[in-house]
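# Geometric and topological summary
Here's the letter readout for the chains.
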Amino acid sequence: MLIGVPKEVKDHETRVGIVPSGVKALVDAGHKVVVETNAGALSSMPDEDYKSAGAEIVGSAAEVWKQADMVVKVKEPIEKEYQYFRPDLVLFTYLHLAPLPELTETLLKKKVTGIAYETIRDRNNTLPLLTPMSEVAGRMAVQVGASYLEKERGGRGVLLGGVPGVPPAQVTIIGAGIVGTNSAKIALGMGAIVTLIDLNLNRLREIDDIFNGRVYTLASNYYHIFKSCSHADLVIGAVLIPGASAPKLVTRQMVSKMKKGAVIVDVAIDQGGCIETAHPTTHSNPAYEVDGVVHYCVTNMPAAVPHTSTLALTNATFPYVMKLAQLGPAAAMKADEGIREGVNTFKGYVTYPAVAESQKRKAKTVSALL
Ligand SMILES: NC(=O)c1ccc[n+]([C@@H]2O[C@H](COP(=O)([O-])OP(=O)(O)OC[C@H]3O[C@@H](n4cnc5c(N)ncnc54)[C@H](O)[C@@H]3O)[C@@H](O)[C@H]2O)c1
């Protein structure tokens, strides 16, 4: 198969779809890989590394898209990439089609096989291609929070771990899923006092075991969230109700009762945020203040650490790239239920029910179309 890797063109996107080690594995397996020049540059993966792994470097996106049987990307295509769509093209990337009717329409019209990272499921019924970005964002949230707690950056001038004779900072994390657990791990490692809040009591039991009682756990309710936030130096929002907007668990009134110079990192901002005073920000202007509390609400936190994020993402995506290349798309869909679940557009139809529902289109199953 001829696999193409264009440079990402979405604003502030710094990741790349395949890393040089992936190129080598594909070439060793008898495939050909074409990479747009500088595709990996922002992830600190220069053209020379791709070349020595066996890729052909080409000067434009058009050359990649035109030659490739399968294009592997990170973000959904933007309008200037639509011109490259054609029947028989396999597009493997994050697609997030539900709110993008125009992209969906073009994929359908051009009969592109669109396989979305975000809907691939594994045997444990989790979404394995979303997990790595939650791991990155969860770990980063503490690093960012610690930095904004410094006086120079608007914080109350608190060192997360304290020092002998001075108590550590208090970190409250709401949501004990992938983001929350990774935040807890780093905050604990930096010496903070950590409280994790979740609705799911079984998850809190697991947390208690994992951290051997070193993390305080609280059942999620108004009173516990209010109390915990009012003592906290750093609050991390990490809840998720799949497919729904995040509930506003920290109200404006709770924020007004927080310590002046405390910091909020609302990681759940990509789902609307779980802090009432949070609104989306970007890496160029990441933080603002409400009632003396610093708010950091960047919707694509992993883009700040593209080298790590690209490696984390491609560790998870690459086995699927290899399977699609080795078997070919149709046989891979037949053989792997996870890949089948990833297919969002196929032969001119929407094949993922939630996307069809949100755009009032008729869905067909992949199996019916194979
Ligand atoms: N900003 C970014 O760059 C970025 C990056 C990655 C992930 N995220 C977002 O972070 C959020 C968390 O992702 P995740 O992978 O950890 O999800 P997850 O499903 O692993 O965890 C979510 C947790 O929230 C808990 N929860 C749900 N309702 C709750 C409530 N009312 N009170 C307390 N806890 C509640 C769930 O029980 C679950 O444990 C998502 O919105 C995700 O999209 C953002």
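Now for a quick tour of the structure.

Thresholds, definitions, all that
- Residues numbered from 1 in each chain as written.
- Predicted model: local features only at pLDDT ≥ 70, side-chain atom pairs only at ≥ 80, totals over all residues.
- Heavy atoms only, no water.
- Phe/Tyr/Trp six-rings, centres within 6.5 Å; stacked < 30°, edge-to-face > 60°.
- Helix = DSSP H or I, 4+ residues; strand = E, 2+ residues; numbered from the N terminus.
- Buried < 20%, exposed > 50% of the residue type's maximum accessible area, 1.4 Å probe, protein only.
- Pairing = 2+ DSSP bridges.
- Axes fitted to C-alpha atoms, helices over the stretch in contact; angles between N-to-C directions.
- Contact = heavy atoms within 4.5 Å.

Moving on, we come to the packing of aromatic side chains. Tallied over the entire structure, the rule returns seven aromatic pairs. Between the aromatic rings of Tyr94 and Tyr117, the centroid separation amounts to 4.9 Å while the plane-to-plane angle is 75 degrees, which identifies the pairing as edge-to-face. On the criterion of sequence distance, the pair formed by Tyr94 in the loop between strand S5 (90-93) and helix H4 (101-109) and Tyr117 in the loop between strand S6 (113-116) and helix H5 (131-148) is long-range, its members being 23 residues apart. A relative accessible area of 3% means that Tyr94 is categorised as buried.

One open sheet accounts for seven strands, arranged S9-S8-S7-S10-S11-S13-S12; its pairing is mixed. In the strand order of this sheet, the two ends are held by strand S9 (216-219) and strand S12 (287-290), each with one partner. If you compare each strand with its neighbour and ignore which way they point, the axes differ by 20 degrees on average. Where strand S11 (residues 263-266) meets strand S13 (residues 293-296), three bridges bridge the pair, whose relative direction is parallel. Counterpart to Val263 in the pairing with S13 is Val294. On top of the sheet, helix H6 (residues 178-189) reaches strand S7 (170-174), strand S8 (193-198) and strand S10 (234-237); it is set at about 170 degrees to S8, its chief contact. Against the sheet, helix H7 (residues 201-210) touches S8 and S9, its axis set at about 175 degrees to S9.

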